[in-house]
Amino acid sequence: MRTLPIGFALAIALSASLSAPAYAVDEYNVTNGYTLDGAGLGVHGVDTVVLSTMNAVAPGEASHAVVHDGVAYYFASELTAERFKSDPERYLPQYGGFCAYAVALGKKLDGDPRYSDIVDGKLYLFVNAAVFQRYLADKENTLRTAEEKWPTIKHSKVEDL
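Residues numbered from 1 in each chain as written. Predicted model: local features only at pLDDT ≥ 70, side-chain atom pairs only at ≥ 80, totals over all residues. Heavy atoms only, no water.

**Details of the environment of Val30**
Our working definition: Think of it this way: any DSSP run of H or I at least four residues long counts as a helix, any run of E at least two long counts as a strand, and we number them from the N terminus.
Residue position: Val30 is located in the loop between helix H2 (23-27) and strand S1 (40-41). Spatially, the C-alpha atoms of Val30 and Phe98 are 9.1 Å apart, while their sequence positions differ by 68 residues.

Written out as structure tokens, the structure reads:
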């Protein structure tokens with residue numbers, strides 16, 4: 001067995017890590033794990049087409065996975081996977097799937113598909129029931145503030161906020 005020089009091995013490891021979509025961790029909520037090929041799993045593996053059109057939670061399946069911007073999304077059927085492929089932006093949650101209320105506060109917290117809302121055809125996720133209730137008390141202001149804050153935190157690491 002031949003041993004590679006340390007510098008050469010480090011260069012290979014560095015180039016491999018740079019080829020992965022590092023931006024996805026910062027811009028998309030992938031807190032629920034990763035797929036076997038290393039793509040982060042978005043929206044907790046819930047079908048975003050069903051969630052964004054019917055506001056219903058339908059578990060997706062790995063057999064109907066679509067990778068978009070380095071993030072894997074699971075779908076309940078081939079039909080919803082194809083719908084997503086034809087227009088991903090239509091079905092993706094706002095703010096990379098982070099909690100919209102937290103974004104309004106300048107934070108990135110997990111967006112849980114069980115606490116979601118559709119406003120003007122856009123899908124918003126929230127971290128838990130209590131935060132969702134706070135959002136409902138002042139939807140317009142929360143979404144306006146989140147829209148203003150998102151460009152300033154979009155590329156920030158979660159731990160830096």
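**Remarks on the side chain of Ser52**
Note the following rule: Whenever a nitrogen or oxygen atom comes within 3.5 Å of another N or O atom, the pair is scored as a polar contact, on the condition that within protein one atom can donate a hydrogen and the other can accept it, and that pairs from neighbouring residues in sequence are kept only if both atoms are in side chains.
Looking at where Ser52 falls in the secondary structure, it is placed in helix H3 (residues 48-54). A distance of 3.4 Å separates a polar atom in the side chain of Ser52 from the backbone oxygen of Val49.

**Considering the pattern of salt bridges**
Threshold: By convention in these notes, a salt bridge is any Lys or Arg side-chain nitrogen within 4 Å of a carboxyl oxygen on Asp or Glu. With a 1.4 Å probe rolled over the protein chains alone, any residue whose accessible area is under 20% of its type maximum counts as buried; one over 50% counts as exposed, and the rest are partly exposed.
This model, assessed by the stated rule, comprises four salt bridges. Residue Arg114 pairs with Asp112 through a salt bridge whose shortest N-O separation is 2.7 Å. For Arg114, a relative accessible area of 58% puts it in the exposed group.

**Overview of the packing of helix H7 (residues 129-137) against helix H8 (residues 139-153)**
Here is the rule we go by: Between N-to-C directions, angles span 0 to 180 degrees; the directions come from axes that are lines fitted to C-alpha atoms, helices contributing only their stretch in contact. Here roughly perpendicular refers to angles of 65 to 115 degrees, roughly parallel to angles under 35, roughly antiparallel to angles over 145, and oblique to all remaining angles. Residue contacts follow a heavy-atom distance rule, with two residues in contact if any of their heavy atoms lie within 4.5 Å. Residue classes follow a fixed rule: Ala, Val, Leu, Ile, Met, Phe, Trp, Tyr, Cys and Pro count as nonpolar, while Asp, Glu, Lys and Arg count as charged, and any other residue, Gly among them, counts as polar.
Where H7 contacts H8, the axes come no closer than 5 Å and their chain directions differ by 100 degrees. The angle between H7 and H8 falls in the class roughly perpendicular. Every residue of H8 that contacts H7 at Tyr135, Leu136 and Ala137 is listed here: Lys139, Thr142 and Leu143. Of the residues in the contact of H7 with H8, the class split is four nonpolar, one polar and one charged.

**Focus on the environment of Ser52**
Take Ser52: its relative accessible area is 8%, and that puts it in the buried class. Linking Ser52 and Ile118, residues 66 residues apart in sequence, is a C-alpha distance of 6.6 Å. In this structure Ser52 touches Arg90, Tyr91, Ile118 and Leu123, once residues within four positions along its chain are discounted. Among the polar contacts made by the side chain of Ser52, one reaches the main-chain carbonyl oxygen of Thr48 at a distance of 2.7 Å.

**Describing the side chain of Asp47**
Heads up, the condition is: His residues and chain termini do not enter the charge count, which takes Lys and Arg as positive and Asp and Glu as negative.
Position of Asp47 among the secondary structure elements: in the loop between S1 and H3. For the buried residue Asp47, which engages in no salt bridge, the nearest side chain bearing the opposite charge is Arg83, 8.0 Å off. Within the local environment of Asp47, its side chain forms a polar contact with the backbone nitrogen of Val49, the two atoms lying 2.9 Å apart. Beyond its immediate stretch of four places on either side in the chain, Asp47 contacts Ala58, Gly60, Tyr74, Phe75, Ala76, Ser77 and Thr80.

**Digging into the pairing of strand S2 (residues 61-68)**
Defined as follows: The criterion for strand pairing is that DSSP finds at least two bridges linking the strands in question.
One ladder, built from four bridges, connects S2 with strand S3 (residues 71-75); its direction is antiparallel. By the bridge assignment, Val67 is partnered in S3 with Ala72. The antiparallel hairpin formed by S2 and S3 contains two residues in its connecting segment, where Asp69 sits at a positive phi of about 50 degrees.

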